[in-house]
Amino acid sequence: MSCVFSLLIFYSCLLVSNSATIKQNATPLFIFGDSYFDAGNNNYLNTDVNKANFFPYGETFFKHPTGRYSDGRIIPDFIAGYLNLPLILPYLQPGNQEYTNGVNFASGGAGALVQTFQGYVIDLTTQLGYFKNVKKKLRKKLGHRVTEALLSKAIYLFNIGVNDYAAPPQTNSTILHHYTNQQYVQIVIGNLTTVVKEIYKNGGRRFGFSTLVDLGSLPVSRAFEQTNNTPIGFKEVPIQIQLHNKALPNILKDLKKELGGFKYSIFDLYTSTSERINSPFKYDGKSACCGSGPFRGIGCGLVEDYELCENPNDFLFFDGSHPTEHFSNEMSKLMWSGNSKYTSPYNLKTLLET
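Bear in mind that the values here come from a model prediction, so they are computed numbers and not experimental data. (Residues numbered from 1 in each chain as written. Predicted model: local features only at pLDDT ≥ 70, side-chain atom pairs only at ≥ 80, totals over all residues. Heavy atoms only, no water.)

Novice: Would you explain the packing of helix α4 (residues 162-171) against helix α7 (residues 237-258) in this entry?
Specialist: When two helices pack together, their arrangement is given by the angle between the helix axes and the distance between those axes. The interhelical angle for the contact between α4 and α7, taken along N-to-C directions, is 160 degrees, at an axis separation of 9 Å. As judged from the angle between their axes, α4 and α7 are roughly antiparallel. As for the relative orientation of α4 and α7, their crossing is right-handed in sense. Touching Y165, A166 and P169 of α4 are V237, Q240, I241 and H244, all from α7. (Axes fitted to C-alpha atoms, helices over the stretch in contact; angles between N-to-C directions. Helix = DSSP H or I, 4+ residues; strand = E, 2+ residues; numbered from the N terminus. Parallel < 35°, antiparallel > 145°, perpendicular 65-115°, else oblique. Left-handed = near helix turned anticlockwise from the far one by under 90°. Contact = heavy atoms within 4.5 Å.)

Have a look at this one:
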């Protein structure tokens, strides 16, 4: 199965040790999603795919692969820094029992639907189950009152959905034969909404979301298009992603009306990425730093003839579908303190102040 966000590629260490020092009055960070946010959970899955635990992943910041789909840090790592937290550890990392600063549940290839790459990823519903387990352990360690206070001030960060739309064309699934694009998007959004409501029910109040990136603009998609290997049915995916990105803000507005104290921020990853891809003067947004074939769009580290750029900072994408550390840093800045062009109704910094 593909990671997608190791995306249309049908391929696809432990985390660098860091202090889990509990900081007084720190805001915990709980992370849900796919490979844009996966800090290494997939390392511990009993599969041979959907992993980034080999060179050259991790080459710049960590100097070794950590399971992050990047040359270095990813968006949640930078957000943790803005919150004065250490790197947030993967839930599945052996020995990780320090949950006071938050936990990373994200999994490369995961979707909001259980069926998305089932058996190869940690789907969003399972990620929710892991969160509930963490809450039980926190209550046992800290007591009910302290745990509830901790969870209520935490940020719950989501990037999920792309794989739900990219998976059916790759796996020859017939699921889209039974639904219109609009109906299928409603199912995906519905599953996400159910998880958000459950987190709210378990004490969550502050949520951060991102829209979905335009898959058609990524190096891997360009590579497949140039070699005429685009999966059958993939032409519907950009339509579904646009429908998803339009539906998400409306759903969140409804949740704010329905759930007392519910607060959220949406980061427009679609627009911010597309603008940079189409602005070639600062960096290369069309080709990947690492990979083979057209646009170096496939096989980063997986084929003998892959190429690796000298400076990942010159590129938006490290492999065919995942950002470089430099690009993740730019996105996290916008997510944290960007203006209303990219974040609504608040950025994450303002969300903490409301």
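The structure having been displayed, the exposition proceeds.
Novice: I would appreciate a short explanation of the packing of helix α1 (residues 75-82) against helix α9 (residues 325-337) in the present structure.
Specialist: The geometry of α1 relative to α9 is characterised by a closest axis approach of 8 Å and an angle of 50 degrees between their N-to-C directions. The orientation of α1 relative to α9 falls into the category oblique. Regarding α1 and α9, the two cross each other, and that crossing is right-handed. Touching I75, F78, I79 and Y82 of α1 are E325, S328, N329, M331, S332, K333, M335 and W336, all from α9.

Novice: Whenever I open this one, the state of the cysteines confuses me. Can you help?
Specialist: What is meant by a disulfide is a covalent connection between two cysteines, made through their sulfur atoms. Under the criterion given, the structure shown has 2 disulfides. Between the sulfur atoms of C290 and its disulfide mate C300 the distance is 2.0 Å. Here the disulfide of C290 and C300 is right-handed, its torsion about the S-S bond being about 100 degrees. Residue C290 is found in strand β7 (residues 290-291), and its partner C300 is found in the loop between β7 and β8 (307-308); the two are separated by 10 residues along the sequence. Both residues of the pair, C290 and C300, belong to the buried class. Sequential numbering of the bridged cysteines in the protein chain gives the disulfide pattern 1-4, 2-3. (Disulfide = S-S within 2.5 Å. Buried < 20%, exposed > 50% of the residue type's maximum accessible area, 1.4 Å probe, protein only.)

Novice: What's the story with the pattern of salt bridges in this structure? I'm lost.
Specialist: If charged atoms from side chains of opposite charge come close, those side chains can pair. By the definition in use, this model includes 9 salt bridges. With its nearest N and O atoms 3.0 Å apart, the salt bridge here joins E275 to K341. Highlighted residues: E275 in helix α8 (residues 269-277) and K341 in the loop between α9 and β10 (343-344), separated in sequence by 66 residues. Its salt-bridge partner being E307, residue R296 comes within 3.3 Å of it at the nearest N-O pair. Here R296 is found in the loop between β7 and β8, whereas its partner E307 is found in strand β8, with 11 residues between them in sequence. (Salt bridge = Lys/Arg side-chain N within 4 Å of Asp/Glu carboxyl O.)

Novice: What is the right way to look at the confidence of the model for the protein chain in this model?
Specialist: Note: predicted coordinates in regions of low pLDDT should not be interpreted at a detailed level. Model confidence for the protein chain is summarised by a mean pLDDT of 91, while 93% of its residues fall at 70 or above. Segment residues 1-22 is flagged for pLDDT under 50; beyond a separation of four residues in sequence, or across chains, it makes 108 contacts in the model. (pLDDT = per-residue confidence, 0-100.)

Novice: I tried to follow the sheet that holds strand β2 (residues 102-104) on my own but got confused; where do I start?
Specialist: Sheet strands pair via backbone hydrogen bonds, and the direction of the pair is either parallel or antiparallel. Pairing is mixed in the open sheet, where 6 strands are placed in the order β2-β1-β3-β4-β5-β10. Every interior strand has two partners, whereas the edge strands, β2 and β10, have only one. Pairing of strand β1 (residues 29-33) with strand β3 (residues 155-159), which is carried by 5 bridges, proceeds in the parallel orientation. Among the inter-strand pairings, L29 is bridged to a residue of β3, identified as I155. (Pairing = 2+ DSSP bridges.)

Novice: Teacher, can you tell me more about unusual backbone geometry here?
Specialist: If a residue is not glycine, its phi is most likely negative; likewise, a peptide bond is most likely trans. Omega for the bond connecting F55 with P56 falls within 30 degrees of zero, at 10 degrees, which places this linkage in the cis form. Inspection of the secondary structure assignment puts P56 in the loop between β1 and α1. For the bond running from S344 to P345, omega is -15 degrees, close enough to zero to count as cis. Summarising the element assignment, P345 is placed in the loop between β10 and α10 (348-353). Located in the positive-phi region is N84, a residue other than glycine, with phi close to 60 degrees. Relative to the helices and strands, N84 resides in the loop between α1 and β2. Classification of N84 as exposed rests on a relative accessible area of 54%.

Novice: Could you clarify how one ought to interpret the side chain of N43 in this entry?
Specialist: Positionally, N43 belongs in the loop between β1 and α1. Here T66 takes part through its backbone oxygen, which lies 3.1 Å from a polar atom of the side chain of N43. (Polar contact = N/O pair within 3.5 Å; in protein donor to acceptor, adjacent residues only side chain to side chain.)

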